[in-house]
Amino acid sequence: LASHVLACSSPYILPWVVAATHGERETGTLGACATLVGLSNMFLIGLANYLSPKAARAYAEHGLPELKRVLKQTAVMFVAGLGTMAVFAFLAGHHIAALVYGPEFIDTRWIIGILSLSVLANSLGVTAGNGLWALERPQASFFADLCSLLVVIVATATLVPAFGPVGAALAGLAGTASDAVIRGWT
């Protein structure tokens, strides 16, 4: 529960910091971009729900080598699927935002692209986290989530005042990337 609370804090903190430093319009831009990118979370959640029991069964029936194989296979699927979506987000995401929300959203390429990379990094953290659960070490995720939150706080304090919604997207990416690295290392 503590790990989940930490992990869920960043997405709720960032818009408030953008609102305090850059106003409602920029916060709305961040929210609109996050909503579009959030559609890729359906792929992440679906595959993660499939991974959890598969990882546990692989470890229980065949040990660590099979668990590693399942986790690597899942990571490849995430990189292929969400990596493709991230490339698409950088190339055309801002056009979709302008189509959905209006022409004033045409300058959102970097926000949408960076948020998409954050979803990709999160998917790798989820993969490693499922491995920790299969190994009966879910408490190890707490350390990764705590470090990630600290990275987000520092990145938010430095990047959001200077870069607004792009800084918030970068702070979120820094947090999800650090979480994925720490969980993977663990």
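This text gives an overview of the structure that appears in the document. (Residues numbered from 1 in each chain as written. Predicted model: local features only at pLDDT ≥ 70, side-chain atom pairs only at ≥ 80, totals over all residues. Heavy atoms only, no water.)

1. Re the environment of Glu24
This is how it is decided: Every helix listed is a DSSP run of H or I at least four residues long, and every strand listed is a run of E at least two residues long, numbered separately from the N terminus. Any residue under 20% of the maximum accessible area for its type is buried, any over 50% is exposed, and the rest in between are partly exposed; the area is computed with a 1.4 Å probe on protein chains only.
If you trace the backbone, Glu24 turns up in helix H2 (residues 24-38). Residue class for Glu24 comes out exposed when judged on its relative accessible area of 72%. Spatially, the C-alpha atom of Glu24 lies 33 Å from that of Gly81, the residues being 57 residues apart in sequence.

2. Looking at the nonpolar core
For clarity, the cut-off: Working definition of a nonpolar core: buried Ala, Val, Leu, Ile, Met, Phe, Trp, Tyr and Cys residues. They are joined through side-chain atoms within 4.5 Å. Contact definition: two residues touch when any of their heavy atoms are within 4.5 Å.
Within the largest apolar cluster, 28 residues are counted, with the highest numbers of intra-cluster contacts made by Leu30, Leu82, Ile112, Leu115 and Ala168. At the level of secondary structure, the elements contributing two or more residues to this core comprise helix H1 (2-22), H2, helix H3 (41-62), helix H4 (64-101), helix H5 (109-134), helix H6 (139-163) and helix H7 (165-185). When near neighbours in sequence (up to four residues on either side) are disregarded, Leu115 contacts Leu30, Cys33, Ala34, Val37 and Ala169. Leu51, Ala55, Ala58 and Val70 belong to the second-largest nonpolar core, a separate cluster that totals seven residues.

3. Structural notes on H2
As a reminder of what qualifies: How far a helix is expected to stretch is found by multiplying one less than its residue total by 1.5 Å.
With 15 residues, H2 should reach 21 Å at 1.5 Å per residue; the first-to-last C-alpha distance of 20 Å fits that figure. Elements that come into contact with the buried residues of H2 comprise H1, H3, H4, H5 and H7.

4. Details of the packing of aromatic side chains
Our working definition: Here is the rule: rings of Phe, Tyr and Trp (six-membered ring for Trp) pair when centre to centre is within 6.5 Å. Planes less than 30 degrees apart are stacked, more than 60 are edge-to-face, and the remainder are tilted.
Applying the stated criterion across every chain yields a total of three aromatic pairs. A ring pair is formed by Phe43 and Phe78, whose centres lie 6.0 Å apart and whose planes are at 90°; its orientation type is edge-to-face. On the criterion of sequence distance, the pair formed by Phe43 in helix H3 and Phe78 in helix H4 is long-range, its members being 35 residues apart. On the basis of relative accessible area, Phe78 is assigned to the buried category, the value being 0%.

5. Points about the pattern of salt bridges
Basically, it comes down to this: By convention in these notes, a salt bridge is any Lys or Arg side-chain nitrogen within 4 Å of a carboxyl oxygen on Asp or Glu.
What the rule picks out here adds up to four salt bridges. The residue Arg183 makes a salt bridge to Asp145 at a minimum N-O spacing of 2.6 Å. One end of the pair, Arg183, is in helix H7; the other, Asp145, is in helix H6, with 38 residues separating them in the sequence. For the pair Arg183 and Asp145, a shared accessibility class is recorded, and that class is buried. Of the charged contacts, one joins Asp179 and Arg183 as a salt bridge, the two residues approaching to 2.7 Å between their closest N and O atoms. With Asp179 and Arg183 both in helix H7, this residue pair falls four residues apart, about one helical turn. Comparing Asp179 with Arg183, the two get one shared label, buried. Bridged by salt links that share partners, the residues Asp145, Asp179 and Arg183 form one connected network.

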